[in-house]
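# Observations on chain architecture
The lines below spell out each chain.
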Amino acid sequence: MSATGLPGLLTTLQHHGVFDAVRMAGLEHCAPPPWWLAVLQGIAAWIASLLIISSFFAPLMLLGEGPLVRGVGGVVLVGGAVWLFARDSLFTGQMGLAFSLAGQALLVSVVFDGFDAFATRPRVIAAVGLAIAVGMLVPASTVLHRTVCALLALGYGAVLVGPGDALAIYALVLTAAAAACWLLRRAWAASPRAALIKALAHALTLAALVAGWIVAVDPSFGALLSPGTSTATLPTAAFVYPLGAGIVLLATIAWLVRGLPPAQAAAGIGAGAIYALTAWNAPGLAVSGALLLAVFHACHRPWIALTLLAAIVYLGRFYYSLEATLLVKSGALAATGLVLLGLQFGLRRWRRTRP
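### Some points on helix H9 (residues 165-183)
- The terminal C-alpha atoms of H9, which comprises 19 residues, lie 27 Å apart, in line with the 27 Å expected from a rise of 1.5 Å per residue.
- Among the residues of H9, those classed as buried are Leu167, Ala168, Tyr170, Ala171, Leu172, Leu174, Thr175, Ala178, Ala179, Cys181, Trp182 and Leu183.

Structure, rendered in structure tokens:
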């Protein structure tokens, strides 16, 4: 529900006697501010955070730059972030995010002495960062902060997994988890942990799209997860990822059509299988398709637009890449387009003929 549509909805509900004037006043007080005011408050909060953190670092650096000093400084900033989140306002929420990121960076820096340490022991640093990021998901905070912490945790997890087939399986797990979160949105939307699950769903969806790009489009980025590894020796995951992407797509379709008559359900699953086969050389289309179906079922309009945009970007990168011949790429795109046109024709006929 957008902020502009909320006042009208509240007025309609009050007119139909859903709640009285007292409850109406309380709900209006909880309504989000206009977007321009939220942007101004966010900018002011980050400026104030930078000034406070800078003034905090100045006396801290006088005590030295050792691990103990950085660790104490990180604990102080993280504690300040938790205190700010408890104030429950937009301004303090943005300040808490800045404090949390700075505190986590200081705590992670305890385990290395320089930037070159990531090339020698990346998994140790990732393990520490993963534990801190997961720990920051526990205290009550904003959805944005929890989403950022979840993204950091998933990124650290990718470093622990490493490049190659293991990263392909990790990307598939992220895709399946993201699709499951959105498909089950009705089950967790009213739970006490809804805010945390929503943040995890956001982080999983974005991480799945990014990981799919690394695995299927440009595997050379996988070298960043394992410094010192030659890009020429990186496994391509040419079989694992397309197969897994197709399985996730079929599982998503099967869950969505489970209430339809057997013939219609079989037709939907069969069409999904044909689409997955035609997109074998472009598995990102199957991944973005599965996530698009899941977020469309969850009625989340921003992610519907973003998954469509991801599919378009992936399609453009696939078409202009040099990893496959023009004949292979043209055939894959033409077959995928024919499948989609066939699905559209079949759905229109089914709508006209159903009672």
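### Side note on the packing of aromatic side chains
- Applying the stated criterion across every chain, the model contains one aromatic pair.
- Arg87 extends its terminal NZ or CZ atom over the ring of Trp83, reaching a point 4.6 Å from the ring centre.
- One Lys or Arg, Arg258, reaches over the ring of Trp255 and ends 3.7 Å from the middle of that ring.

### Here's the deal with the nonpolar core
- Counting 57 residues, the largest nonpolar core has Leu154, Leu174, Trp182, Tyr241, Leu249 and Leu291 as the members making the most contacts within it.
- Residue contributions to this core peak at 11 residues, all from H9.
- If we skip the residues at most four places from it in the chain, Leu154 touches Tyr170, Leu174, Ala203, Leu204 and Ala207.
- Counting residues in hydrophobic clusters, the runner-up holds 10 residues, among them Ala45, Leu77, Leu84 and Phe85.

### Quick word on the packing of H9 against helix H12 (residues 240-256)
- At a minimum axis separation of 9 Å, H9 and H12 run at an interaxial angle of 10 degrees. What the angle tells us is that H9 and H12 run roughly parallel. Two packed elements cross with a definite hand, and for H9 against H12 that hand is right-handed. From H9, Asp165, Ala168, Ile169, Ala171, Leu172, Thr175, Ala176, Ala179 and Leu183 reach across to H12, where they touch Val240, Tyr241, Gly244, Ala245, Val248, Thr252, Trp255 and Leu256.
- Among the residues making up the contact of H9 with H12, the classes are represented as 13 nonpolar, three polar and one charged.

### Focus on the side chain of Gln104
- Residue placement: Gln104 occurs in helix H5 (residues 90-108).
- Since its relative accessible area comes to 5%, Gln104 is described here as buried.
- Setting aside its immediate chain neighbours within four residues, Gln104 contacts Val78, Ile132, Ala133, Met136, His145, Cys149 and Leu152.

### Overview of a nonpolar patch on the surface
- On the surface, a nonpolar cluster with roughly 510 Å² of combined accessible area is contributed by Phe239, Leu243, Ile247, Leu277 and Trp280.
- Along the chain, Phe239 falls in the loop between helix H11 (194-217) and H12.
- Judged by its relative accessible area of 53%, Phe239 is exposed.

### As for helix H7 (residues 122-135)
- Between its first and last C-alpha, H7 extends 20 Å over 14 residues, near the 20 Å set by a 1.5 Å rise per residue.
- Of the residues making up H7, those classed as buried are Pro122, Ile125, Ala126, Gly129, Ile132 and Ala133. One face of H7 carries all of its buried residues, which in axial projection span an arc of 130 degrees.

Conventions and cut-offs
Residues numbered from 1 in each chain as written. Predicted model: local features only at pLDDT ≥ 70, side-chain atom pairs only at ≥ 80, totals over all residues. Heavy atoms only, no water. Helix = DSSP H or I, 4+ residues; strand = E, 2+ residues; numbered from the N terminus. Expected span 1.5 Å × (residues − 1). Buried < 20%, exposed > 50% of the residue type's maximum accessible area, 1.4 Å probe, protein only. Phe/Tyr/Trp six-rings, centres within 6.5 Å; stacked < 30°, edge-to-face > 60°. Lys NZ or Arg CZ within 6 Å of the ring centre and 35° of its normal. Core = buried A, V, L, I, M, F, W, Y, C linked by side-chain atoms within 4.5 Å. Contact = heavy atoms within 4.5 Å. Axes fitted to C-alpha atoms, helices over the stretch in contact; angles between N-to-C directions. Parallel < 35°, antiparallel > 145°, perpendicular 65-115°, else oblique. Left-handed = near helix turned anticlockwise from the far one by under 90°. Nonpolar A, V, L, I, M, F, W, Y, C, P; charged D, E, K, R; others polar. Patch = residues over 30% accessible without salt bridge, like charges linked within 9 Å, V, L, I, M, F, W, Y side chains within 5 Å. Areas by Shrake-Rupley, 256 points an atom, 1.4 Å probe, with all protein chains shown as cover. Salt bridge = Lys/Arg side-chain N within 4 Å of Asp/Glu carboxyl O. Arc of directions from axis to C-beta.

The values reported here are purely geometric and, on their own, carry no functional implication.
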